[in-house]
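Structural overview
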Amino acid sequence: MSSLSDAAPERRLPDSADVVIVGSGPAGAAYARILSETSPAARIVMIEVGPIVSDPPGSHVKNIADNAERARAQRASEGPRPQDDAASTNTMDDYASDAARLWRPGTYLLASGYRQPGEDGLPAAAFSSNVGGMAAHWTGACPRPGQSERIDFVPDLDELLDEGERLLGVSATALADAPLADEVQARLARGFDADRPADRHVQTMPLAVHRTAEGNLVWSGADVVFGEETRANPLFTLVPEALGRRVIVEDGVVRGIDVEDRRSGEIHRLTSPVVVVAADSLRTPQLLFASGVTPPALGRYLNDQPQIVHAVRLRDVEDAPTGSTADSAITAQSGVSWVPFTDDYPYHGQVMQLDASPVPLEGDVIPGSIVGLGWFCAKDLQESDRVEFSPDDVDEYGMPAMRIHYTLTERDHRTLADAAEAIIAAGELLGDPVGGDPITFPPGASLHYQGTVRMGEVDDGTSVCDPHGEVWGTRGLFVAGNGVIPTATACNPTLTGVALAVAGARRIARTLDALTSK
Ligand code: FAD
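All figures in this text were calculated on a predicted structure; none of them were measured in a lab. (Residues numbered from 1 in each chain as written. Predicted model: local features only at pLDDT ≥ 70, side-chain atom pairs only at ≥ 80, totals over all residues. Heavy atoms only, no water.)

When you go through the chain residue by residue, the secondary structure sums to 8 helices and 23 strands. The C-alpha atoms of the chain give a radius of gyration of 22 Å, which matches the 24 Å a tight globule of 518 residues would have. Relative to its full complement of 518 residues, the chain shows a buried share of 60%. Expressed as a percentage of contacts within the chain between residues at least 6 apart in sequence, the contacts between residues at least 24 apart total 75%. When the accessible surface of the chain is split by element, carbon and sulfur atoms take 49% of a total near 19700 Å². Each charge class in the chain was averaged separately, 42 positive and 74 negative side chains, and the resulting centres sit 5 Å apart. (Helix = DSSP H or I, 4+ residues; strand = E, 2+ residues; numbered from the N terminus. Rg over C-alpha atoms; globule rule 2.2 N^0.38 Å. Buried < 20%, exposed > 50% of the residue type's maximum accessible area, 1.4 Å probe, protein only. Contact = heavy atoms within 4.5 Å. Areas by Shrake-Rupley, 256 points an atom, 1.4 Å probe, with all protein chains shown as cover. Lys, Arg positive; Asp, Glu negative; His and termini not counted. Charge placed at Lys NZ, Arg CZ, Asp CG, Glu CD.)

Next up, the structure:
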């Protein structure tokens, strides 16, 4: 990997490439990795609007042991409106907060346009602008979609998910020995497993994390997705602090992209037959709009997973268990268990044993005994839920300003009411509530917004791209990330987004092979 990070301010961006990738989160990184593995002769340029904030580039800020250094990395990821120095560095701090616009370190909220009069809007939708994207700040939960969450026109989905797990370094064992994790799972299993197929039983949450030989946890970010294969690829160039302004499309064929060097302010034309836009589910359609690529479904079917949280204290645990592996000091939570989504139980349950109680408690707290439950719901998909872009107004990066139209339907309200009962019932299997009733987070808070560049089997106006992520009618333009997921999912989407990116990267590799063998 060569990086144009240090050659500033007079650095010169490349003039041409075989593939340009916009955005350095896990979806963009998956393209870089698969192409590095399969097309070693391809010249790949990745542009990222944010700076490098961690070493290796894209790595998770939770792996930075020093608190002040981690805070600097988080603030540097918060785009045009970073928080001040006193802001939190712990993403679990607001686990049980009822803030109207819930914010998490390393991210920034939309300044305006997040809610229209009479609608629910997405007041908590947020972005990260840094090498590694939001995956430098995420929790790393990587469940597989199940039943109606799956995409029935992607026949090789399981193999792609295997690849996604390989790229993200997913493990179901790294935290399995956390204090009381087995007890949490046993109690939940007694309540849930009887009527479920085996793959939907209560289980340890697959997480993108591994332990070093010394026992420290290392959270996967885009650095793990890049892997040594990308870092050692001399034909891969990462350009941080560079904004994709406009993809150049002539007669339905991609010719390149105009890139703004955020250091000099200059616009640079980068020619390339392939451009992959992996710029998150709100900024990917933004760049397409700015490029004049506006298929009817662009920005539509926007959906985020309505989320309810609750906390309990495990009942009947007498003492700290023995024989558990001590967590490294820099993890915010220990055991994570999973109650999978099913069509009969349409919630994705993420059960986290918290480091600290969300509310002050009397007496000593046994490690692992405070449990946060987060129930994510599948949204009732509507074409009218959408992000629109202004032809006149611009955002802080000078890109078309966003206006979110978003409403929860009657069905969504029923689902949320049922989820509140379901989460209380799940909590009762474990212990006694702490902190009162469950809290419904404001829309957008799951940070799992998706659907805006959804894939489809055919070009019937309800999708933006084909099952490989190539935009209908625009040869060489690919879209990637959670935005391509067409189903209403309740499970955390990143694994699925990365799996679908693998399919797109393989398609590009085949096209490049065909070109070079001519
Ligand atoms: P991103 O990671 O958002 O990366 C997109 C990148 O594109 C950004 O770096 C951005 O700066 C860049 N970009 C945007 N526009 C442009 C442009 N025009 N030019 C150049 N660059 C551009 N997901 C899960 O599945 N499981 C979890 O447990 C989980 N927990 C989370 C916890 C937190 C606190 C947060 C913040 C997120 C969490 N997520 C989780 C969400 C997860 O991080 C995202 O789903 C994932 O990062 C999306 O990957 P991506 O590559 O599509 O987009």
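Further notes follow.
Before going further, it helps to examine the domain arrangement of the chain. Annotation of the chain at the domain level lists domain 1 (1-77 + 123-169 + 220-305 + 383-393 + 447-518) and domain 2 (175-219 + 307-377 + 409-442). Here domain 1 and domain 2 have C-alpha centroids that lie 31 Å from each other. Taken together, the contact between domain 1 and domain 2 spans 30 residues of the former and 24 residues of the latter. Taken over both partners, the interface formed by domain 1 and domain 2 buries close to 2100 Å², and the fraction arising from carbon and sulfur atoms is 56%. Of all residues in domain 1, Lys62, Gln147 and Ala490 bury the most surface against domain 2, accounting for 26% of the area lost on that side. Linking domain 1 to domain 2 there are 0 salt bridges. (Domains from an automatic or database assignment. Buried area = accessible area lost by both parts, 1.4 Å probe. Salt bridge = Lys/Arg side-chain N within 4 Å of Asp/Glu carboxyl O.)

Quick look at the site of the ligand now. The local shell around the ligand holds 37 residues, among which Glu48, Ala141, Gly244, Asn482 and Thr494 are the closest. Asn482 has a polar side-chain atom sitting 2.8 Å from an oxygen atom of the ligand. A distance of 2.7 Å is found between an oxygen atom of the ligand and a side-chain nitrogen or oxygen belonging to Thr494. Compared with its free state, where it exposes 990 Å², the ligand has 97% of that area covered by protein. (Near = heavy atom within 4 Å. Polar contact = N/O pair within 3.5 Å; in protein donor to acceptor, adjacent residues only side chain to side chain.)

Once that is clear, we can look at the packing of aromatic side chains. Per the stated rule, a full pass over the model turns up 5 aromatic pairs. Relative to Phe127, the ring of Tyr108 lies with its centre 5.5 Å away and its plane at 40°, an arrangement referred to as tilted. Of this pair, Tyr108 sits in strand β4 (residues 108-109) while Phe127 is found in strand β5 (residues 126-127), placing the two residues 19 residues apart along the sequence. The buried category is assigned to Tyr108, whose relative accessible area is 5%. Residue classification places Phe127 among the buried residues on the basis of a relative accessible area of 3%. Put simply, the rings of Phe192, Tyr345 and Tyr347 touch in pairs and so form one group of aromatic residues. Over the aromatic face of Tyr301 sits the side chain of Arg454, whose NZ or CZ is 3.9 Å from the ring centroid. (Phe/Tyr/Trp six-rings, centres within 6.5 Å; stacked < 30°, edge-to-face > 60°. Lys NZ or Arg CZ within 6 Å of the ring centre and 35° of its normal.)

Here 3 strands make up an open sheet; going across it, the order is β11-β12-β13 and the pairing antiparallel. Both outer strands of the open sheet, β11 (242-250) and β13 (267-271), are each paired with one neighbouring strand and no more. The average angle at which neighbouring strand axes cross in this sheet is 25°, direction not considered. Both β11 and strand β12 (residues 253-261) contribute to a ladder of 8 bridges, which runs antiparallel. (Pairing = 2+ DSSP bridges. Axes fitted to C-alpha atoms, helices over the stretch in contact; angles between N-to-C directions.)

Moving on: the environment of Gly140. Looking at the secondary structure, you find Gly140 in the loop between β5 and α3 (157-168). Classification of Gly140 as buried rests on a relative accessible area of 2%. Along the backbone, Gly140 and Val209 are 69 residues apart, and their C-alpha atoms lie at a distance of 7.1 Å. The residues touching Gly140, leaving out its near neighbours within four places in the chain, are Pro206, Leu207 and Ala208.

Note on helix geometry: an α-helix contains 3.6 residues per turn, so any two residues three or four positions apart are oriented the same way. Taking 1.5 Å per residue, 12 residues should reach 16 Å; helix α4 (residues 181-192) reaches 16 Å between its end C-alpha atoms and fits that length. Of the residues making up α4, those classed as buried are Ala181, Val184, Gln185, Arg187, Leu188 and Phe192. In an axial view of α4, the angular spread of the buried residues amounts to 165°, which keeps them on one side of the axis. Residues of α4 that are exposed and angled more than 90 degrees away from the buried face: Asp182 and Arg190. (Expected span 1.5 Å × (residues − 1). Arc of directions from axis to C-beta.)

Where α4 contacts helix α7 (residues 410-430), the axes come no closer than 8 Å and their chain directions differ by 125°. Taken together, α4 and α7 sit at an angle that is classed as oblique. Seen from above, α4 lies across α7 with right-handed handedness. Contacts from Val184, Arg187, Leu188, Gly191 and Phe192 in α4 reach Ala426, Leu429 and Leu430 in α7. Looking at the contact of α4 with α7, its residues break down into 6 nonpolar, 1 polar and 1 charged. (Parallel < 35°, antiparallel > 145°, perpendicular 65-115°, else oblique. Left-handed = near helix turned anticlockwise from the far one by under 90°. Nonpolar A, V, L, I, M, F, W, Y, C, P; charged D, E, K, R; others polar.)

Now for the packing of helix α1 (residues 26-38) against α3. At a minimum axis distance of 11 Å, the contact between α1 and α3 shows a crossing angle of 95°. The angle between α1 and α3 places the two elements in the roughly perpendicular class. For the pair formed by α1 and α3, the contact residues are Pro26, Ala30, Arg33, Ile34 and Glu37 on the first element and Glu163, Arg166, Leu167 and Leu168 on the second. The class makeup of the residues in the contact of α1 with α3 is 5 nonpolar, no polar and 4 charged.

Below, the discussion takes up the nonpolar core. Counting 120 residues, the largest nonpolar core has Ile257 and Trp375 as its most contacted members. Looking at this core, the element that brings in the most residues is helix α8 (residues 494-516), giving 11 residues. Here this core spans two domains, since at least three of its residues come from each of domain 1 (1-77 + 123-169 + 220-305 + 383-393 + 447-518) and domain 2 (175-219 + 307-377 + 409-442). (Core = buried A, V, L, I, M, F, W, Y, C linked by side-chain atoms within 4.5 Å.)

What follows deals with unusual backbone geometry. At the junction of Asp55 and Pro56, the peptide bond is cis and its omega measures out at 0° in the coordinates. With phi around 75°, Asp280 is a residue other than glycine that occupies positive phi space. With respect to the helices and strands, the residue Asp280 is situated in the loop between β14 (275-277) and α6 (283-290). Unlike most non-glycine residues, Tyr301 shows phi in positive territory, near 55°. By the element assignment, Tyr301 lies in the loop between α6 and β15 (307-314). The buried category is assigned to Tyr301, whose relative accessible area is 12%.

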